[in-house]
Amino acid sequence: MFTKLPAFRNAKLAGSRAVAAPRASSSTTYSQDTVTESGEEKPRFPVILFSHGLGGSRTSYSTVCGELASNGFVVVAVEHRDGSGARSYVNIPPIGKLAAGLAINGTNSENYYSVDYIFPRDNAQDTSPRNARGVDTELRHAQIEMRLSELEEVYCVLRLLNSGQGNLVYESNLRKKGNAGSSSKGLEGVDWSDWEGRLLLRSITAMGHSFGGATTVEVVRQSDRFPYIGQGILLDAWGPATPKAGEITHQSLRKPLLAINSEAFMYWPENLVRIGDIIREASDGGALCWMMTIKGSTHLSQTDFAVLYPHWMSFFMKTIVNPRRAVYLTVNSSLEFLNRVLPPELTAGNAWIDEGILQTKVLAEGELPREHRPDDKWMASRLRIPNELWLRMSSWYRWRDKPPVVATDINGKLLLGLVNFAPGSEVWMHFSPNWEEL
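On a predicted model such as this, the values are computed, not experimentally measured, just so you know.

Thresholds applied
- Residues numbered from 1 in each chain as written.
- Predicted model: local features only at pLDDT ≥ 70, side-chain atom pairs only at ≥ 80, totals over all residues.
- Heavy atoms only, no water.
- Helix = DSSP H or I, 4+ residues; strand = E, 2+ residues; numbered from the N terminus.
- Buried < 20%, exposed > 50% of the residue type's maximum accessible area, 1.4 Å probe, protein only.
- Contact = heavy atoms within 4.5 Å.
- Areas by Shrake-Rupley, 256 points an atom, 1.4 Å probe, with all protein chains shown as cover.
- Pairing = 2+ DSSP bridges.
- Axes fitted to C-alpha atoms, helices over the stretch in contact; angles between N-to-C directions.
- 1 Å grid on protein atoms, 1.4 Å probe; cavity = no way out; pocket = protein on both sides within 12 Å on 5 of 7 lines; lining within 4 Å.
- Points joined across faces, edges and corners; volume = space filled by probe spheres on them.
- Nonpolar A, V, L, I, M, F, W, Y, C, P; charged D, E, K, R; others polar.
- Salt bridge = Lys/Arg side-chain N within 4 Å of Asp/Glu carboxyl O.
- Parallel < 35°, antiparallel > 145°, perpendicular 65-115°, else oblique.
- Left-handed = near helix turned anticlockwise from the far one by under 90°.

Draft legend 1. Representation of the overall build of the protein chain within the structure. The secondary structure content of the protein chain amounts to 11 helices and 11 strands. Taken over 438 residues, the protein chain has a buried fraction of 49%. A sequence separation of at least 24 residues applies to 74% of the contacts in the protein chain between residues at least 6 apart. Of the roughly 21700 Å² of accessible surface on the protein chain, 53% is carried by carbon and sulfur atoms.

Draft legend 2. Examining the sheet that holds strand β9 (residues 257–262) more closely. If you walk across this open sheet you meet the 7 strands as β4-β3-β7-β8-β9-β10-β11, and the pairing is mixed. Each edge of the sheet is formed by a strand with only one pairing partner; in this case those strands are β4 (74–78) and β11 (427–431). Direction aside, neighbouring strands of the sheet carry axes that sit 20° apart on average. Relative to strand β8 (residues 229–235), strand β7 (residues 199–209) runs parallel, the two being bridged by 6 bridges. Paired with His209 across the strands is Leu235, a residue of β8. Contacting β3 (45–51), β4 and β7, helix α2 (residues 137–162) crosses the sheet at an angle of about 150° to β7.

Draft legend 3. Looking closely at the layout of surface pockets. There is about 480 Å³ of room inside the second largest pocket. Looking at the second largest pocket, it is lined by 22 residues, and the ones nearest its centre are Pro310, Asn322, Pro323, Leu416 and Gly417. Elements that contribute at least two residues to the lining of the second largest pocket include exactly α7 (304–308), α8 (310–316), α9 (323–341) and α11 (388–401). Per element, the largest residue contribution to the lining of the second largest pocket is 5 residues, and it comes from α8. Looking at side-chain class alone, the lining of the second largest pocket contains 13 nonpolar, 6 polar and 3 charged residues.

Draft legend 4. Highlighting the pairing of strand β10 (residues 289–294). In terms of residue burial, β10 counts as a mostly covered element, since 6 of its 6 residues are buried. Here β10 shows a buried face lined by Cys289, Met291 and Thr293 and a second buried face lined by Trp290, Met292 and Ile294. Both β9 and β10 contribute to a ladder of 6 bridges, which runs parallel. Residue Ala259 lies in a different strand from β10, and its bridge partner there is Met291.

Draft legend 5. Region of the structure containing the pattern of salt bridges. Within this structure, the stated rule accounts for 19 salt bridges. The salt bridge involving Glu281 is made with Arg221; its shortest N-O contact spans 2.9 Å. Pair noted here: Glu281 is in helix α6 (residues 269–284) and Arg221 is in helix α4 (residues 211–221), with a separation of 60 residues, a long-range link. Residue Glu281 is classed as buried on the basis of its relative accessible area, which comes to 17%. Arg325 is the partner of Glu355 in a salt bridge, and the nearest nitrogen-oxygen pair spans 2.7 Å. Of this pair, Glu355 sits in the loop between α10 (344–347) and α11 while Arg325 sits in helix α9, placing them 30 residues apart in sequence. Exposure remark for Glu355: the relative accessible area of 24% places this residue in the partly exposed category. Its relative accessible area of 2% is what places Arg325 among the buried residues.

Draft legend 6. Main features of the packing of helix α1 (residues 62–70) against α9. Where α1 contacts α9, the axes come no closer than 10 Å and their chain directions differ by 40°. It follows that α1 is oblique to α9 by the angle criterion. You can see that α1 and α9 cross each other, and the crossing is right-handed. Residues Thr63, Val64, Glu67 and Leu68 of α1 form the contact with α9, whose own contacting residues are Val327, Tyr328, Val331 and Leu335. For the contact of α1 with α9, a count of residues per class yields 6 nonpolar, 1 polar and 1 charged.

Take a look at the structure:
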C-alpha cells in the first residue's frame with residue numbers, strides 16, 4: 001500500500017571530503033562518479049534550499065536531493081504549508097499557542113491540524129494550458145509570499161545549527177514520535193555539536209520544481225530580502241504563475257540562473273516564452289544563465305515518481321528518456337552550473353562530474369523540434385510517440401542485437417529509454433552565455 005525509499009535517518013555529517021576515483025574507461029559517459037574519502041577533517045558544506053511543486057511535499061524529490069547531497073551539499077527540502085501540497089500536518093505546541101491571527105478550534109480534541117491543497121475559487125484548472133481564465137495570480141502570488149517567509153525561517157534554523165545551538169532546534173521540534181506526520185525517530189540521536197560551523201551559509205542555492213521553480217525565481221529576484229542566496233536552479237518551472245518584475249517587488253533578476261525544462265513543457269508556448277523572458281531578465285542584469293530541455297522527458301521526470309513508477313511514466317505520460325538518466329542529467333547539469341557560479345572556496349576539492357552538458361550548442365531560431373509535440377488536449381502533460389506500438393515491440397530486439405551508444409550507471413548498466421540519445425546529444429540548449437561572459 002505504501003511506497004518506501006531507502007534512507008539513513010538522522011545520518012551523521014560526512015567527516016571527510018569525497019574526491020574523484022579513477023574511472024574504468026575514459027570513453028564511457030557515466031551518470032554518477034565514484035568517490036573515495038580524502039584525509040581532510042571536518043569539511044564545510046554549501047547549502048541548497050529546495051522548494052516543491054503543486055501537490056508535492058518535502059519527500060517527493062529525494063532522488064534529486066539525495067544525488068546532490070552525495071556530492072557534498074546540505075540539501076534542505078522544505079514542506080510548504082501554503083495549500084500547494086497534497087496535505088501537511090501542523091502540530092500544535094503543548095502550550096496551545098499559535099502564530100498571531102490563528103485560533104485553535106475548541107471542538108477539535110486533536111493536537112494538530114492539517115493544511116490541504118487549495119483549489120482556486122471558480123478556477124480549479126488554473127494550471128492547465130487550455131484554461132481560458134488563466135492563472136489565479138491572487139492565490140499563487142500569496143502562496144509564493146508565504147513560501148518566501150517559510151524559507152526565511154529555514155535560514156534562521158540553519159544559522160542556529162551552524163552556531164552550535166542545535167539543541168534549541170531539537171527542543172522545539174514537534175515532528176517526533178507520537179505526533180502527526182512525523183518520523184518515528186524524530187531528531188533523536190543527532191550529535192548537534194557536529195553541525196557547528198559545518199554549513200557555508202553564503203551564496204546558498206535556491207532550487208525548485210514547477211511551482212517551486214516559480215518560487216525560486218522570486219527568491220533570487222529579491223536580493224535585499226535574501227542577500228545570502230547566490231543563484232537559482234529552475235526545474236521545469238511553471239512560467240505563467242511566476243511573478244513578473246514589479247508585480248511583487250521592484251527588484252529585477254541579477255543572479256545566475258539555470259533552467260532545466262522537460263520536453264513536454266517545452267511544447268507549451270506560453271511557458272517556454274515566459275521562462276525565456278526570466279532567463280533574459282537575469283542575463284541582462286549581468287548574470288550567467290543557461291536554459292535547456294532534456295529530450296524525451298515529461299513534467300514528473302525530475303521527481304521520485306519517475307524512478308519509482310517508470311512503466312506508468314512510459315505508458316501513460318509517454319516519457320521517452322530513461323527515468324534515471326533524466327535525473328542524472330538534471331543533477332549533473334546542476335553541478336556543472338554550480339561549479340561555474342559558486343565562489344571558488346565553495347567548490348574547492350569537489351568531485352563533481354562534468355559531462356559538458358552546458359557546452360551544448362544553442363538551437364538556432366526556428367530549430368525548435370516538433371516530432372513529439374502532443375495534441376493540444378495533452379499539452380504539457382505528455383508527449384506524442386509516432387509509431388508507438390511498433391517502437392515498443394521492436395525495441396527489445398534492437399537493443400539485444402546491437403546495444404545503442406548511451407550513458408551507463410556506475411555499474412556499467414546501460415540506461416536505456418524507449419528512444420535513446422547518444423551522450424552529448426541528450427539535451428537542447430535554448431540559451432547560454434557567450435565565451436566572453438564565461
